[in-house]
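Examining the three-dimensional arrangement
Given next are the chains, with one letter for each unit.
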Amino acid sequence: MNGKEKQGMNGVLTLELLNLDGSLMERRRVPNLITTAGKRLVAELLMGRVNGLPVNWSIVVGTGTAAPSTDDIALQDLAAEAVDPAPRVEVIDQGDNPSLVRAKVAATLPALTDATVQPLTEAGIQVTLGENTKILFNRVRFEEVNRGSNMIMNMTWEISF
């Protein structure tokens, strides 16, 4: 073993579309792009240079169609936000390989209350620092999901270090 790390920071979004009775309609796993703002947040937290600790972790979804870019600071077209009241961190032992640390953010979008359809195509984790500084940590573009009054959308984001 040469003592050199090969694992970088990466994330994967799992979308689960559920019928109103809770039965699974569809599951997708989509890798995402960590934004420069997200990487900077991690570095600034490590160095103690952030003026406020994260007070809110949420998953934001939108209808934008542009490809993700490291320069993204917001979704192209924000449609909804779901807060995770208890994001968590876990250490995963991989045997002889270096351990993996994974942060998980999970949130649920309830069914829409009217008969409209919302064509979702993008998502990200939005971190709120202090009272109102919002940082788009990562962003992903995925094939359209038509959110409606007949489905619940569970989202779990895993960020691995």
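Residues numbered from 1 in each chain as written. Predicted model: local features only at pLDDT ≥ 70, side-chain atom pairs only at ≥ 80, totals over all residues. Heavy atoms only, no water.

**Quick word on the overall build of the protein**
The condition that has to hold: Helix and strand assignments follow DSSP, with helices taken as H or I runs no shorter than four residues and strands as E runs no shorter than two, numbered in order from the N terminus. Computation of the radius of gyration draws on C-alpha atoms, with the globule rule given as 2.2 Å multiplied by the number of residues to the power 0.38. The classification of residues rests on relative accessible area computed with a 1.4 Å probe and restricted to protein chains. Under 20% of the type maximum is buried, over 50% is exposed, and intermediate values are partly exposed.
If you tally the helices and strands in the protein, you get one helix and ten strands. When its helices and strands are written in sequence order, the protein yields β-β-β-α-β-β-β-β-β-β-β. A compact globule built from 161 residues should have a C-alpha radius of gyration of about 15 Å, and the protein, at 17 Å, falls within 12% of that. Each principal axis of the C-alpha distribution contributes one length, and for the protein these read about 55 × 40 × 30 Å. Taking all 161 residues of the protein together, 40% fall into the buried category.

**Overview of the sheet that holds strand β9 (residues 133-147)**
Where we set the bar: If DSSP finds at least two bridges between two strands, the strands pair. Contacts: residue pairs with any heavy atoms within 4.5 Å of one another. Throughout, an axis means a line fitted to C-alpha atoms (over the contacting stretch in the case of helices), and angles, computed between N-to-C directions, take values from 0 to 180 degrees.
The five strands lie next to each other as β3-β9-β8-β4-β5, forming an open sheet whose pairing is antiparallel. Looking along the sheet, the strands with just one partner apiece sit at the ends: β3 (33-34) and β5 (78-84). Note: strand β8 (residues 118-129) against β9, eleven bridges, orientation antiparallel. Considered in β9, the bridge of Glu122 is made with Arg141. In the packing of helix α1 (residues 36-47) onto the sheet, the strands contacted are β3, β4 (54-62), β8 and β9, and the crossing angle to β9 comes to about 140°.

**Topic: the side chain of Ser58**
Rules: Definition of a polar contact: a pair of N or O atoms within 3.5 Å, with one able to donate and the other able to accept a hydrogen when the atoms are protein atoms, and with sequence-neighbouring residues admitted only if both atoms are side-chain atoms.
Locating Ser58 in the fold gives a position in strand β4. Polar contacts involving the side chain of Ser58 include one to the side chain of Glu81, which spans 2.8 Å. Once residues within four sequence positions are removed from consideration, Ser58 is found in contact with Glu81, Ala82, Val83, Asp84, Gly124, Ile125 and Gln126.

**Let's talk about the nonpolar core**
Applicable threshold: In this text, buried Ala, Val, Leu, Ile, Met, Phe, Trp, Tyr and Cys residues form a nonpolar core when linked through side-chain atoms within 4.5 Å.
Within the largest apolar cluster, 29 residues are counted, with the highest numbers of intra-cluster contacts made by Leu13, Leu109, Phe142, Met153, Met155 and Trp157. Counting residues per element, the ones that place at least two in this core are β1 (10-19), β4, β5, β7 (100-109), β8, β9 and β10 (151-160).

Function cannot be inferred from these measures alone, as they are strictly geometric.
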